[in-house]
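# Results of the structural survey
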Amino acid sequence: MMAPRTDFPILSAQVGRNPLVYLDNAATTQKPQVVLQALADYYEKVNSNIHRGAHYLSRLSTEQHEQARATVAAFLHAASEREIVFTSGTTAGINLVAQVLALSSRFSAGDEILVTTDAHHSNIVPWQMLCQRVGAVLKPIPLTPELTFDMEAYLRLLSPRTRLVAVPYISNALGVVNPVAQIIKAAKHNSASTLVLVDGAQSTAHMAVNVQALGCDFYVFSGHKVYAPTGTGVLWGRESLLAELPPWLGGGEMIKEVSFSGTTYNDLPFKYEAGTPNIGGNIVLAAALRYVTEQGLAAIDAHEQKLTQRMYSGLQAIGGINILGPAQNRGALLSVVVPGVHHYDLGTLLDQMGIAVRTGHHCCQPLMQYLGISGTTRYSFALYNTEAEVDRALACTERALNMLR
């Protein structure tokens with residue numbers, strides 16, 4: 001076990017007569033006491049709008065908010081704090097990029113966007129909307145029979161018309177870790193102007209991320225999957241790109257000067273942060289990232305991998321369960337299909353035993369269609385989960401399946 005269980009108050013909850021075993025971390029992680037306290041401290045002691053305020057609370061709020069930006073920049077190894085744009089989450093970050101690219105001169109009719117077959121809807125639909133606006137074409141990258149990224153197919157799909165590649169670092173439905181560094185290298189070899197966006201929703205809480213070393217152009221993640229509140233997130237973008245691209249939302253903060261004859265836009269990153277941001281949430285996001293850093297991302301990964309492999313072996317031992325994706329090179333989640341058993345029925349029985357899992361298509365309907373299934377049951381782990389919880393989840397899964405089969 002890594003972090004003390006007492007760091008997370010909700011983990012002492014009961015579900016009926018059963019202790020809670022929370023294995024829905026790929027959807028939302030629970031919050032440590034330091035994050036909860038940081039949120040309370042902000043609203044009790046600091047609460048005020050940021051920038052331009054002449055009074056003490058506004059200055060204090062501004063200082064903490066911009067320090068939070070510096071914390072995020074350091075966490076991602078960004079070249080500059082100007083590359084960090086606060087958003088409401090991964091979905092908002094991807095939509096922001098798609099919208100500003102649609103407004104730019106970088107796309108024209110017949111251009112191509114490549115996305116992975118296992119992409120989340122938020123990494124598909126915004127690109128479909130861009131394609132509809134500019135006449136571009138969206139092309140899915142196939143999976144191998146082992147349900148991993150098909151590099152050979154990807155290399156064949158790359159062409160002079162490829163303008164953007166959008167890929168999840170880790171599949172939220174399969175748990176597969178995609179070879180992001182190779183994907184980016186191939187895209188840039190194809191054309192220096194081919195942009196790459198990495199969906200880091202499932203990777204940021206589990207592994208160290210260095211956006212400069214990766215060589216991508218955009219990286220997005222959600223705070224609520226990395227022990228921060230919902231409604232928080234980050235878009236990292238290469239500074240030269242963010243400076244070149246137009247703003248999307250108009251209003252306060254994203255301007256330098258406004259008149260009825262025209263508007264001068266603000267410097268980065270404020271050009272992309274119209275209106276009052278989630279000040280307290282952004283400050284607390286930084287507190288969550290500091291907590292993760294203190295635990296050590298390498299130690300977190302090793303702990304979660306141990307749990308994942310224990311769960312994988314235990315599910316195999318039960319028998320009659322199809323675990324999607326390979327045994328190795330995967331993130332801290334497992335999606336399973338049990339022939340003859342509906343994923344919702346399994347999830348419902350597990351809930352009655354105190355085991356919280358996710359069921360359904362996981363916002364990956366194209367993947368489910370590709371696999372010929374309606375959904376899966378997904379177990380996903382975080383730094384606070386234990387081997388005892390894995391064993392209990394396995395025992396409850398076996399019991400539930402004996403009732404359903």
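Structure report, in brief.

Analysis parameters
Residues numbered from 1 in each chain as written. Predicted model: local features only at pLDDT ≥ 70, side-chain atom pairs only at ≥ 80, totals over all residues. Heavy atoms only, no water. Core = buried A, V, L, I, M, F, W, Y, C linked by side-chain atoms within 4.5 Å. Buried < 20%, exposed > 50% of the residue type's maximum accessible area, 1.4 Å probe, protein only. Helix = DSSP H or I, 4+ residues; strand = E, 2+ residues; numbered from the N terminus. Contact = heavy atoms within 4.5 Å. Phe/Tyr/Trp six-rings, centres within 6.5 Å; stacked < 30°, edge-to-face > 60°. Pairing = 2+ DSSP bridges. Axes fitted to C-alpha atoms, helices over the stretch in contact; angles between N-to-C directions. Disulfide = S-S within 2.5 Å. Salt bridge = Lys/Arg side-chain N within 4 Å of Asp/Glu carboxyl O. Lys, Arg positive; Asp, Glu negative; His and termini not counted. Polar contact = N/O pair within 3.5 Å; in protein donor to acceptor, adjacent residues only side chain to side chain. Parallel < 35°, antiparallel > 145°, perpendicular 65-115°, else oblique. Left-handed = near helix turned anticlockwise from the far one by under 90°. Nonpolar A, V, L, I, M, F, W, Y, C, P; charged D, E, K, R; others polar. Right-handed = clockwise from strand over helix to strand, strands pointing away.

### Concerning the nonpolar core
- Ranked by internal contacts, the top residues of the largest apolar core, which has 56 residues, are L76, Y154, Y219 and Y227.
- Counting residues per element, this core draws most heavily on helix 9 (residues 279-295), at seven residues.
- Those residues within four positions of L76 in sequence are excluded, and the remaining contacts are I84, V209, N210, V211, Y219, F221, V234 and W236.

### Thoughts on the packing of aromatic side chains
- This structure, assessed with the given rule, holds six aromatic pairs.
- Seen in terms of ring centroids, Y227 and Y384 are 6.0 Å apart; in terms of plane orientation they differ by 75°. Their pairing is edge-to-face. One end of the pair, Y227, is in the loop between strand 9 (218-222) and strand 10 (233-237); the other, Y384, is in the loop between strand 17 (376-380) and helix 13 (387-404), and 157 residues separate them in sequence.
- The class of Y227 is buried, set by a relative accessible area of 0%.
- A relative accessible area of 0% means that Y384 is categorised as buried.
- Within the aromatic cluster, the residues linked to one another by ring pairs are F8, Y227, Y291 and Y384.

### Thoughts on the sheet that holds strand 16 (residues 358-360)
- Spatially, 13-14-17-16 is the arrangement adopted by the four strands of the open sheet, whose pairing is antiparallel. The sheet is open, and its two borders are formed by strand 13 (322-323) and strand 16, each paired with just one other strand.
- Pairing analysis gives three bridges linking strand 16 to strand 17, with the strands arranged antiparallel. Bridging from a neighbouring strand, R358 pairs with R378 of strand 17.
- Across the sheet, helix 10 (residues 297-318) touches strand 13, strand 14 (333-337) and strand 17, and the angle it forms with strand 14 is around 15°.

### Things to note about the state of the cysteines
- With the rule as written, the count across this model stands at zero disulfides.
- As a non-bridged cysteine, C131 has C364 as the owner of its nearest cysteine sulfur, 19 Å distant.
- C131 sits in the buried class, given a relative accessible area of 9%.

### Overview of the pattern of salt bridges
- Enumeration over the complete set of coordinates arrives at 18 salt bridges.
- With a shortest N-O distance of 3.2 Å, E112 and K139 are connected by a salt bridge. In this pair, E112 sits in strand 5 (residues 112-116) while K139 sits in strand 6 (residues 137-141), placing the two residues 27 residues apart along the sequence.
- In this structure E112 comes out as buried when scored by relative accessible area, which is 10%.

### Things to note about the side chain of D118
- Residue position: D118 is located in the loop between strand 5 and helix 4 (125-134).
- Among buried Asp, Glu, Lys and Arg side chains, D118 stands out as unpaired, with R330 the closest opposite charge at 10 Å.
- At a separation of 2.8 Å, a polar atom in the side chain of D118 contacts the side chain of T116.
- Among all residues touching D118, those that are not within four sequence positions of it are L143, P168, S171, N172, L174, N178, C364 and L367.

### Describing the side chain of S122
- Tracing the sequence through the fold places S122 in the loop between strand 5 and helix 4.
- Owing to a relative accessible area of 8%, S122 belongs among the buried residues under this scheme.
- Not counting the four nearest positions on each side in its chain, S122 is found in contact with T91 and I94.

### Things to note about the packing of helix 1 (residues 33-46) against helix 9
- Where helix 1 meets helix 9, the axes come as close as 9 Å, and the angle between the chain directions of the two elements is 150°. Overall, the two elements helix 1 and helix 9 adopt an arrangement that is roughly antiparallel. Relative to helix 9, the crossing made by helix 1 is right-handed. Touching V34, V35, A38, L39, Y42 and Y43 of helix 1 are I279, G280, I283, V284, A287, A288 and Y291, all from helix 9.
- Taken together, the residues of the contact of helix 1 with helix 9 sort by class into 12 nonpolar, one polar and no charged.

### Section: the pairing of strand 8 (residues 195-199)
- Among the five residues in strand 8, five count as buried, and that is most of the element.
- A two-sided burial pattern is seen for strand 8, the buried positions comprising L195, L197 and D199 on one face and V196 and V198 on the other.
- Across five bridges, strand 7 (residues 162-168) lies against strand 8 in parallel orientation. Residue P168 lies in a different strand from strand 8, and its bridge partner there is D199.
- Handedness of the crossover is the feature at issue here: the chain leaves strand 7, passes through helix 6 (residues 180-190), returns alongside strand 8, and the resulting connection is right-handed.
- When strand 8 meets strand 9, the two strands line up parallel, connected through three bridges. Residue V198 lies in a different strand from strand 9, and its bridge partner there is Y219.

### Here's the deal with unusual backbone geometry
- For the bond from L268 to P269, the omega torsion is 0°, close enough to zero to count as cis.
- With respect to the helices and strands, the residue P269 is situated in the loop between strand 12 (262-265) and helix 9.
- Despite not being glycine, R52 shows a phi value in the positive range, around 75°.
- Topologically, R52 is positioned in the loop between helix 1 and helix 2 (56-76).
- Accessibility expressed as a relative area gives 70% for R52, which makes it exposed.
- Phi angles above zero are rare outside glycine, and C363 is one such case at about 55°.
- Positionally, C363 belongs in the loop between strand 16 and helix 12 (365-371).
- A residue is classified by how much of its surface remains accessible, and C363, at 32% relative accessible area, is partly exposed.

So, to be careful, I would describe these as geometric facts and stop short of saying anything about function.
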